[in-house]
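# Observations on the three-dimensional arrangement
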Amino acid sequence: MYYCSTQDGCESSQITKESKMKYEAYHQVYSYTGYELDKLEEKNGTYYTESGENILDLVDKAVEDSGKVPKEFKQQMKNWIHDLVSTMSTKGWNNVPDMTLSILYGKSGLKDMNQLITYQYEADSTNRQWYSVL
C-alpha cells in the first residue's frame, strides 16, 4: 500500500509528508546500520547509539562501503539521510505521526480504503506486479 500510495498522484490521505519522512529516516538508518532510529538517544540534532556513536557517522561509513549506491551519488545519499535524521531530531520522534493504513483484502487484491482515489496492487498469473487506479 505504501508503494502504491506514492505513485502517479495516488496521494493517500493516510500517508502525510511528515509520516513518509519518518518512515524514510527509520528505513534508511536501519537498512545501512541495523539500528532502529526510534530506539536511539536523540540529542543535538542527531541520534546516538548506546555506546555513544553518532548514527550519522555510522550511516556515512555504511554508505561509503555499500555497493548499492553508485560512487557519484554516495555524497547525495549521505546528505539526504543526514537531512532526514536532522529533521526527525528537530521535530521529535513522537511528534511526527506514523502512517496508518486501512487495508481491505479481496479476491482482486489489496485495497487502500477511505481514499479519494482507490487503487489496487496485484500480481497477475505470470506474477508480474502492477497497480491500477480505480
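Since this is a predicted model, take the numbers as computed values, not measurements.

## Here's the deal with the overall build of the protein
Helix and strand content of the protein: 4 helices and 6 strands. Across the protein, helices and strands are ordered from the amino to the carboxyl terminus as α-α-β-β-α-α-β-β-β-β. Going through the 134 residues of the protein one by one, you find that 37% of them count as buried. Excluding contacts between residues fewer than 6 apart, the proportion of contacts in the protein whose partners are at least 24 apart in sequence is 51%. Split by element, the accessible area of the protein, about 8,600 Å² in all, is 49% carbon and sulfur.

## Description of the nonpolar core
Considering soluble globular proteins, one finds that nonpolar side chains tend to be buried as a cluster. Formed by 20 residues in total, the largest nonpolar core has its most connected members in L37, Y47, I55 and I81. Those elements that provide at least two residues to this core are α2 (17-33), α3 (55-65) and α4 (74-91). For L37, the residues in contact, after removing those within four places along its chain, are A25, Y26, V29, Y47, I55 and W93.

## Regarding the environment of I81
Checked against the element boundaries, I81 lands in helix α4. Between the C-alpha atoms of I81 and H27, which are 54 residues apart in sequence, the distance is 10.0 Å. In this structure, I81 is in contact with Q28, V29, Y32, L56, V59 and V63, ignoring residues within four places of it in sequence.

## Some words on unusual backbone geometry
Unusually for a residue other than glycine, N44 sits at a positive phi of about 55 degrees. Among the secondary structure elements, N44 is positioned in the loop between β1 (41-43) and β2 (46-48).

## What about the packing of α2 against α4?
Closest axis-to-axis distance for the α2/α4 pair is 9 Å, and the angle between their directions is 125 degrees. Between α2 and α4, the angle is such that the two are oblique. You can see that α2 and α4 cross each other, and the crossing is left-handed. Counted together, E18, M21, K22, E24, A25, Q28, V29 and Y32 of α2 and M77, W80, I81, L84, V85, T87, M88 and K91 of α4 form the full contact between these two elements.

## What about the pattern of salt bridges?
This model, assessed by the stated rule, comprises 6 salt bridges. For K39, the salt bridge goes to E36, with nearest N and O atoms at 3.6 Å. The exposure class of E36 is partly exposed, given its relative accessible area of 31%. With a shortest N-O distance of 2.7 Å, K61 and D65 are connected by a salt bridge.

Calculation notes
Residues numbered from 1 in each chain as written. Predicted model: local features only at pLDDT ≥ 70, side-chain atom pairs only at ≥ 80, totals over all residues. Heavy atoms only, no water. Helix = DSSP H or I, 4+ residues; strand = E, 2+ residues; numbered from the N terminus. Buried < 20%, exposed > 50% of the residue type's maximum accessible area, 1.4 Å probe, protein only. Contact = heavy atoms within 4.5 Å. Areas by Shrake-Rupley, 256 points an atom, 1.4 Å probe, with all protein chains shown as cover. Core = buried A, V, L, I, M, F, W, Y, C linked by side-chain atoms within 4.5 Å. Axes fitted to C-alpha atoms, helices over the stretch in contact; angles between N-to-C directions. Parallel < 35°, antiparallel > 145°, perpendicular 65-115°, else oblique. Left-handed = near helix turned anticlockwise from the far one by under 90°. Salt bridge = Lys/Arg side-chain N within 4 Å of Asp/Glu carboxyl O.

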